[in-house]
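Tertiary structure, described
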Amino acid sequence: MFILGVSVTRALRRVVLSSSKLKMSLQNGSVTSVQNNSLRWDLSPEEIRHHTHTLIQKIERVYDAVGSVDLGKVCFENTLQVIADAKAEYAASRHVLDFPQYVSPCKEVRLASTEADKRLSDFDVEVSMRVDVFQRLTALQEKQSSDLLPESERFLGRLIKLGKRNGLHLSKDIQEEIKSISKQISELSIDFNQNLNEENTVLLFSQQELVGLAESYVNGLEETEDGRYKITLAYPHYFPLMKRCHVPETRRKMEMAFHSRCKDVNTAILEQLIELRAKLAKLLGFSSHANYVLEMTMAKNPEKVEQFLDELYERLRPVGEQEREYLLSLKRADCERRSLAFDGQLHAWDMPYYMNQVEQVKFAVDKDKLIEYFPLEVVTEGLLDIYQDLLGLRFKQLQDAHVWHDRVKLYSVLDSGTGEEIGQFYLDLHPREGKYGHAACFGLQPGCLGPDGKRRMPIAAMVANFTRPSSSWPSLLQHHEVETFFHEFGHVMHELCSRTRYADFSGTQVETDFVEVPSQMLENWVWEKEPLRRMSRHYKDGSPIPDALLDKLIASRVANTGLMNLRQIVLSKADQTLHTKDRADTAAEFAKHSKDILGIPATPGTNMTASFSHLAGGYDGQYYSYLWSEVYFMDIFFSRFKKEGILNPKVGREYRRVVLEAGGSVDGVDILKTFLGREPRQDAFFQCKGLPQTSTEQNWQ
């Protein structure tokens, strides 16, 4: 996922480097200096404000210079190259200022960073509306476009297209209105996410209200003087409780609170955003905001997205109905066993609990036993080894690195063949107050050519909220968390392995409905025996995961596939509906789609969309991208890796070269054709879902 100016992706977890084996795998290249990383994380609030002002002035002077070039003397060197250099410098300088809002342990710094983000976002709008610069770019295109390198020509074409999408070809009055609306949208989006980051609700429950939860979970909770336990709405608290707690009322209270986060303030913000986005789209000549944003994606328009979602829904609907009936039967039996009243319905707070039971009943997966084989440091050891072997890389932990919190680690990434340092990444994976509440990959410095013609090293950060280890328990991961770990690290590799000339194409700067392909594709490794063996070991005695448990885990991949994918369709459809209207009742729209598609009513009084950060983080009108990308990553995995070897380094290096190194310098569909050697197909996608196969080529393009 990508939030505002900082690239962000979905979920990840944390490493405690206590395993001697893990230390050995990383210590070979441990170094103390960080020559290529000058990012500062110790700025005071006042310094953040000062640097923000200085950066704006500096970049403004660059654009003033470009805008004053005589139209008859426009050339690559005095326009496009100058802009490219400014963009590269601006991105890294900006993220030192706007990233701390997500991770700084100091609230004053977070607030200063948020204000910096607002000022810089306003400045972004001003720069994007520079008619004088736009005129120089169009003059260059008319004069010299055919003489440019392919990536330079693509960069120039992109800047001109973005200029037109910002209304620079329209009247001055309309441009001023566009500018005003764009600034409002930026500020509201920042406020929406800041509200979620600062959300700190705590619920109190007695031990009797937490029956069913693992000992490791309860031991990690803070206890009050009267013997109750403090439970937050952070992921490590919320999801295990919803899956395991036997007490329906406890689950109801948690689900109600979770989907009421920032409800009043963020509902108002989101509904204002929807109106502003619709108004802006109309000014630019588009029928809706969805039409506007989809123009720059693989799907191109809402009709293609609707066709994709409707076809998938029709195939999944009967599967979902069967699964829902089975869940209801589990609830009936559970109520009888626990002497609880059975109301004949499935509620939102029932779903995680009984879906978890499906894995235990149908597939006999013992979650309590399984989690013992996934201590975080062991998973990390296996993950790093797999990525290194597959992609031809080496990771080195940097000692005494400059970081924003003492639990944060910094790693260098080197090419295993040449020894060249190609990038660095931070790991910040445990929760703390005021920190970004989900899990994501933040691009902090783009990899591109600098003004001196030398390659600037890309830098990224993994931010997540894994359960903290305690004095009596290590940090143990659920298998779905291991899957998310692989997903997010795939985004990091995309950020660091790209080899583009321009910052605008670096790493994950690709079409929104392609960006999840590299990360989701690597989730497949956590469903295969050999990789699973490399990333699992019992936390007490180091014994391997038993074959029987491993086989049951792998077989459970199809558990609840209908309901889980229907849930994604609910979110995708709600997003599309909200962004094809001029205004909307967000709670009502989500509730309607949840009932109609998933068959589960939203809990009255809640509004899930008020905490749906994607809608204010760059996925507005584009949440379908997660499902859309799945079509492609399944094709890649089954057609190449599954066929030629899931740990085949030859295929892995080709994947790195063709898919990751290209960044956004090539269209996503062309990257796919090159790697697959043909047009992409949807067969593997439906096969993995356990749905009827087709032999047709991908037909949503």
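Refer to the preceding data block for the structure.
Because the structure is predicted, anything quoted here is derived from the model rather than measured. (Residues numbered from 1 in each chain as written. Predicted model: local features only at pLDDT ≥ 70, side-chain atom pairs only at ≥ 80, totals over all residues. Heavy atoms only, no water.)

1. What to know about the overall build of the chain
Quick note on the threshold: Each helix is a run of DSSP H or I of at least 4 residues and each strand a run of E of at least 2, with the numbering of both proceeding from the N terminus. The reference for a compact globule is 2.2 Å times residues^0.38; the radius of gyration itself is calculated from the C-alpha atoms. We call a residue buried when its accessible area falls under 20% of the maximum for its residue type, exposed when it is over 50%, and partly exposed in between, using a 1.4 Å probe and counting protein chains only. Note on contacts: a residue pair is in contact if any heavy atoms of the two residues lie within 4.5 Å.
Within the chain, the secondary structure is distributed over 27 helices and 10 strands. Scaling as 2.2 N^0.38, a compact globule of 701 residues should have a C-alpha radius of gyration of about 27 Å, and the chain matches this with 25 Å. Projecting the C-alpha coordinates of the chain onto the three principal axes gives extents of approximately 85 × 60 × 55 Å. Going through the 701 residues of the chain one by one, you find that 59% of them count as buried. Relative to all contacts within the chain whose residues are 6 or more apart in sequence, the contacts with residues 24 or more apart total 76%.

2. Some points on the environment of lysine 172
Looking at the secondary structure, you find lysine 172 in helix 8 (residues 172-197). A relative accessible area of 54% places lysine 172 in the exposed class. As a C-alpha pair, lysine 172 and valine 131 span 41 residues in sequence and 9.7 Å in three-dimensional space.

3. Some thoughts on helix 2 (residues 45-67)
The following threshold applies: To estimate the expected span of a helix, count its residues, drop one, and scale the result by 1.5 Å.
Taking 1.5 Å of rise per residue, the 23 residues of helix 2 would be expected to cover 33 Å, and the 33 Å separating its terminal C-alpha atoms lies within 8% of that figure. Listed in full, the buried residues belonging to helix 2 are Ile48, Thr52, Leu55, Ile56, Ile59, Tyr63, Val66 and Gly67. As for helix 2, its buried residues are in contact with helix 3 (80-98), helix 5 (107-128) and helix 6 (131-144).

4. Remarks on the side chain of histidine 438
Rule in force here: In the analysis that follows, any N or O atom pair within 3.5 Å is treated as a polar contact, provided that within protein one partner can donate a hydrogen and the other can accept it, and provided that, for residues neighboring in sequence, both atoms belong to side chains.
Turning to its location among the elements, histidine 438 is positioned in the loop between strand 6 (421-428) and strand 7 (440-445). Side chain to side chain, histidine 438 and tyrosine 235 meet in a polar contact 2.3 Å long. Discounting residues that sit within four places of it in the chain, histidine 438 has contacts with Tyr235, Arg261, Val463, Ala464, Asn465 and Ser613.

5. Some details on the environment of aspartate 147
As for its placement among the helices and strands, aspartate 147 is situated in the loop between helix 6 and helix 7 (150-165). Separated by 206 residues in the primary sequence, aspartate 147 and tyrosine 353 place their C-alpha atoms 61 Å from one another.

6. A look at the packing of aromatic side chains
As a reminder, the rule being used: Centre distance within 6.5 Å is the pairing criterion for rings of Phe, Tyr and Trp, where only the six-membered ring of Trp is used; planes under 30 degrees apart are then read as stacked, over 60 as edge-to-face, and the remainder as tilted. Here, a charge over a ring means that NZ of Lys or CZ of Arg falls within 6 Å of the ring centre while also lying within 35 degrees of the ring normal.
Tallying each qualifying case throughout the model produces 40 aromatic pairs. Geometrically, the ring pair formed by tryptophan 404 and tyrosine 426 is tilted, given 4.8 Å between the ring centres and 50° between the ring planes. Of this pair, tryptophan 404 sits in the loop between strand 4 (393-397) and strand 5 (409-415) while tyrosine 426 sits in strand 6, and the two are 22 residues apart along the sequence. In terms of burial, tryptophan 404 and tyrosine 426 fall into one category: buried. Each member of the aromatic cluster is reached from another via a ring pair, and the members are Trp41, Phe99, Tyr102, Trp404, Tyr426, Tyr436 and Phe442. Against the face of phenylalanine 505 rests arginine 154, its NZ or CZ located 5.5 Å from the ring centre. It is arginine 640 that lies over the ring of phenylalanine 675; its NZ or CZ is 4.6 Å from the centre.

7. What to know about the nonpolar core
Our working definition: The nonpolar core is taken to be a set of buried Ala, Val, Leu, Ile, Met, Phe, Trp, Tyr and Cys residues, with the residues joined through side-chain atoms within 4.5 Å.
Ranked by internal contacts, the top residues of the largest apolar core, which has 191 residues, are Phe99, Phe425, Tyr426, Met493, Trp525, Phe641 and Tyr655. Residue contributions to this core peak at 10 residues, all from helix 24 (residues 625-644). Here phenylalanine 641 is in contact with Leu390, Met521, Trp525, Ile636, Ile646, Val651, Gly652, Tyr655 and Phe675, once residues within four sequence places are set aside. One finds Tyr217, Val218, Tyr229 and Ala257 within the second-largest nonpolar core, a separate group that totals 18 residues.

8. Points about unusual backbone geometry
Non-glycine residue cysteine 262 carries a positive phi angle of around 50°. Relative to the elements of secondary structure, cysteine 262 occurs in the loop between helix 11 (248-258) and helix 12 (263-283). By relative accessible area, which is 15% here, cysteine 262 ends up buried.

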